[in-house]
Amino acid sequence: IANTEPWVVLYHTGYWRLNRKTYKVGDFSNRDIHISKTAESTEQTSWNNTRVNAYLNNEGRPKDWVHNTLEPSIEQCLTVLF
């Protein structure tokens, strides 16, 4: 490798993983409470940012918070790191 400047950083918004049951600290008896395998992910337990944003909008959170606040903050963090 002759040079590593400039960095090429690829960014994908990713997915949100949801538990199938309500999380309880210290309860390891029910594996459905804990996220364990990607293969077990379904449309119900893996959401993209658009779906999370819609959910938060419906819950009365600041409108489009995921798109207007979270995503730009993540991108800003990446520019500081790289």
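Reading guide: rules and limits
Residues numbered from 1 in each chain as written. Predicted model: local features only at pLDDT ≥ 70, side-chain atom pairs only at ≥ 80, totals over all residues. Heavy atoms only, no water. Helix = DSSP H or I, 4+ residues; strand = E, 2+ residues; numbered from the N terminus. Contact = heavy atoms within 4.5 Å. Areas by Shrake-Rupley, 256 points an atom, 1.4 Å probe, with all protein chains shown as cover. Axes fitted to C-alpha atoms, helices over the stretch in contact; angles between N-to-C directions. Parallel < 35°, antiparallel > 145°, perpendicular 65-115°, else oblique. Nonpolar A, V, L, I, M, F, W, Y, C, P; charged D, E, K, R; others polar. pLDDT = per-residue confidence, 0-100. Buried < 20%, exposed > 50% of the residue type's maximum accessible area, 1.4 Å probe, protein only. Arc of directions from axis to C-beta. Polar contact = N/O pair within 3.5 Å; in protein donor to acceptor, adjacent residues only side chain to side chain.

### Overview of the overall build of the chain
Reasoning step 1: Looking only at helices and strands, one finds two helices and two strands in the chain.
Reasoning step 2: Along its sequence from the N terminus, the chain presents helices and strands in the succession β-β-α-α.
Reasoning step 3: Long-range contacts, defined here as pairs at least 24 residues apart, represent 42% of the contacts in the chain between residues at least 6 apart.
Reasoning step 4: Carbon and sulfur atoms form 55% of the exposed surface of the chain, whose accessible area is close to 6900 Å².

### Topic: the packing of helix H1 (residues 49-58) against helix H2 (residues 65-81)
Reasoning step 1: Their axes nearest at 9 Å, the elements H1 and H2 cross at an angle of 125°. It follows from the interaxial angle that H1 and H2 lie oblique. Contacts between H1 and H2 pair Asn49, Thr50, Val52, Asn53 and Leu56 from the former with Trp65, Val66, His67 and Glu71 from the latter.
Reasoning step 2: In the contact of H1 with H2, the residues fall into four nonpolar, four polar and one charged.

### Section: the confidence of the model for the chain
Reasoning step 1: The predicted model of the chain averages 81 in pLDDT, with 82% of residues at 70 or higher.
Reasoning step 2: The secondary-structure element of the chain with the lowest mean pLDDT is strand E1 (residues 15-17), recorded at 83, while H1 shows the highest, at 95.

### Side note on H1
Reasoning step 1: Where H1 is concerned, the buried positions are Asn49, Val52, Asn53 and Leu56. Take H1 and look down its axis: the buried residues cluster within an arc of 100°, on one side only. Relative to its buried face, H1 has exposed residues pointing more than 90 degrees away, namely Thr50 and Asn58.
Reasoning step 2: The inward-facing, buried residues of H1 contact E1, strand E2 (46-48) and H2.
Reasoning step 3: Its side-chain oxygen placed 3.2 Å from the backbone nitrogen of threonine 50, asparagine 48 serves as the N-cap of H1.
Reasoning step 4: Residue glycine 60 follows H1 closely and has a positive phi angle near 85°.

### Some details on the side chain of asparagine 53
Reasoning step 1: The residue asparagine 53 is located in helix H1 in this model.
Reasoning step 2: A polar side-chain atom of asparagine 53 sits 3.4 Å from the main-chain amide nitrogen of tryptophan 65.
Reasoning step 3: With near-sequence residues (within four places) excluded, asparagine 53 lies in contact with Asp64, Trp65, Val66 and His67.

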